[in-house]
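Examining the three-dimensional arrangement
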Amino acid sequence: NIITNNNFIDVFGNNGNTLTINGSINGSNGIGIQQNSTVVLNGSSTYTGGTFINNGKVILNSNNGLGSNSGSTTVASGATLELDGVDLLSEPILLNGTGDSNQGALRKVESGTDEVDGSIQLQSDARIVIDQGNFNYIGAMDLGGNTVYIGGDGNFNFESSSSLNNATKTTA
């Protein structure tokens, strides 16, 4: 387990390697992924600050791997939050860009069903990729006047209790 002691944790490593955290991250403040590597979060965490994926990729294998819902997760342009069999319950997600190697700023990779019921806010044009299976979205998506690109071989299901805000209707 990692205890933040009220400090922000920055993860550096521009070597393409993978850092796997099997335990939990606890305390206040948050974590930032700063360089082009992969961080795998397998544990259930309770840290209260934000998660900042500024470069590289975070693979989330635990429903509470991003800490408490009091902090949001920001995915910068060129970075990816990859879901692997998890449900994000009320975690606000802020998306930017097309992701690490154009894999999507938000990406779902496994064949089952993942569910997100927190808000998704686009801070710029962004890509969501559903490689396989079902991605059920139950929250409020705010495009902020930006464009969301949704692709992949899986299904993006915009559930009936969802809302879409600040979107522009276009006709061909």
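Use the structure listed above.
Heads up: these notes are all about the structure in this document. (Residues numbered from 1 in each chain as written. Predicted model: local features only at pLDDT ≥ 70, side-chain atom pairs only at ≥ 80, totals over all residues. Heavy atoms only, no water.)

If you tally the helices and strands in the protein chain, you get zero helices and 20 strands. Counting only C-alpha atoms, the protein chain reaches 55 × 30 × 30 Å along its principal axes. For the protein chain, contacts bridging at least 24 residues in sequence account for 29% of all contacts bridging at least 6. By element, 41% of the accessible surface of the protein chain is carried by carbon and sulfur atoms, the whole surface being about 7,700 Å². Computing the positive centroid from 5 side-chain charges and the negative centroid from 15, the protein chain places the two 9 Å apart. (Helix = DSSP H or I, 4+ residues; strand = E, 2+ residues; numbered from the N terminus. Contact = heavy atoms within 4.5 Å. Areas by Shrake-Rupley, 256 points an atom, 1.4 Å probe, with all protein chains shown as cover. Lys, Arg positive; Asp, Glu negative; His and termini not counted. Charge placed at Lys NZ, Arg CZ, Asp CG, Glu CD.)

One pass over the structure, following the stated rule, counts three aromatic pairs. Between Phe135 and Phe156, the aromatic rings sit 5.2 Å apart at their centres with planes inclined by 25 degrees, giving stacked as the arrangement. With Phe135 in strand β16 (residues 134–137) and Phe156 in strand β19 (residues 155–158), the pair connects residues that are 21 residues apart, well separated along the chain. Using a relative accessible area of 0% as the deciding quantity, one classes Phe135 as buried. Within the aromatic cluster, the residues linked to one another by ring pairs are Phe135, Tyr137, Phe156 and Phe158. (Phe/Tyr/Trp six-rings, centres within 6.5 Å; stacked < 30°, edge-to-face > 60°. Buried < 20%, exposed > 50% of the residue type's maximum accessible area, 1.4 Å probe, protein only.)

A few words now on the pairing of strand β6 (residues 38–41). Residues of β6 alternate between two faces, with Thr38 and Val40 on one and Val39 and Leu41 on the opposite face, all of them buried. In this structure, strand β3 (residues 18–21) lies alongside β6, joined through four bridges in parallel fashion. Bridge pairing in β6 places Ile21 opposite Leu41. (Pairing = 2+ DSSP bridges.)

On to the sheet that holds β19, then. Strand order in the open sheet made by the four strands is β11-β14-β16-β19, with parallel pairing throughout. Looking at strand neighbours, the two that pair on one side only are β11 (87–88) and β19, the edges of this open sheet. As paired elements, β16 and β19 share four bridges and run parallel to each other. Following the sheet pairing, Asn136 is matched in β19 by Asn157.

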